[in-house]
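For reference, the chains in residue letters:
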Amino acid sequence: NTVSVAYELPDLDIRCKLLNELGERLIKMHNGSALQMISKADRSADRLVAIILETLPGFRDYIDPATSAGPQRSDDWASIVERSPQLVHFYKRAQIATADLWAAMGRGRTLIDSSTLSCCNF
């Protein structure tokens, strides 16, 4: 007996765009390898957060206090910064991703040094 429950995944078009972006950027910037991207951080959680932000525009959450616009994401980073240098940036998504990678890869035996995870404490 199989129970079928209809569930519509919210923001499916945005999720598909972000998954495509992930694949395209890993290929373009890290030879298609997430492990290569992680290893470029040289075991530093801070550097991995920066690499994630550089590589994946979908992780660049911000709010523009001048317009009271809620959290935004954009891949047109240069024009956003030029238009509104007073943006407040949130890097929680990149920090959570870094902490999740550390946990998923075996904690102390990973490509991320646990002593550098202070940027990811909540």
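Whatever comes next refers back to the structure up there.
Attention in this report is confined to the structure presented alongside it. Nothing here was measured: the structure is a model prediction, and the numbers come from that model.

### Details of the overall build of the protein
The helix and strand inventory of the protein stands at 5 helices and 3 strands. From first element to last, N terminus to C terminus, the protein shows the α and β order α-α-α-β-β-α-β-α. Within the protein, counting contacts between residues at least 6 apart in sequence, those at least 24 apart form 52% of the total. Surface accessibility of the protein: about 8,200 Å² in total, with carbon and sulfur atoms responsible for 54%.

### A look at the pattern of salt bridges
By the definition in use, this model includes 2 salt bridges. With a closest N to O distance of 3.5 Å, R93 and D61 form a salt bridge. You can see R93 sitting in helix α5 (residues 92–104) and its partner D61 sitting in strand β1 (residues 61–64), a full 32 residues away along the chain.

### A word on the packing of helix α3 (residues 45–55) against α5
Where α3 contacts α5, the two axes come as close as 9 Å, and the packing angle between them is 125°. It follows that α3 is oblique to α5 by the angle criterion. With respect to the hand of their crossing, α3 and α5 are arranged in right-handed fashion. Where α3 approaches α5, its residues A45, L48, V49, I52 and L53 are matched on the opposing element by A94, Q95, A97, T98 and L101. Among the residues making up the contact of α3 with α5, the classes are represented as 8 nonpolar, 2 polar and no charged.

### Observations concerning unusual backbone geometry
Glycine aside, a negative phi is what most residues show, and trans is what most peptide bonds show. Here the phi dihedral of D11 falls at roughly 55°; this positive angle occurs in a residue that is not glycine. Inspection of the secondary structure assignment puts D11 in the segment before α1 (12–30). Despite not being glycine, D42 has its phi angle at roughly 50°, a positive value. Within the secondary structure layout, D42 lies in the loop between α2 (34–39) and α3.

The rules behind these values
Residues numbered from 1 in each chain as written. Predicted model: local features only at pLDDT ≥ 70, side-chain atom pairs only at ≥ 80, totals over all residues. Heavy atoms only, no water. Helix = DSSP H or I, 4+ residues; strand = E, 2+ residues; numbered from the N terminus. Contact = heavy atoms within 4.5 Å. Areas by Shrake-Rupley, 256 points an atom, 1.4 Å probe, with all protein chains shown as cover. Salt bridge = Lys/Arg side-chain N within 4 Å of Asp/Glu carboxyl O. Axes fitted to C-alpha atoms, helices over the stretch in contact; angles between N-to-C directions. Parallel < 35°, antiparallel > 145°, perpendicular 65-115°, else oblique. Left-handed = near helix turned anticlockwise from the far one by under 90°. Nonpolar A, V, L, I, M, F, W, Y, C, P; charged D, E, K, R; others polar.

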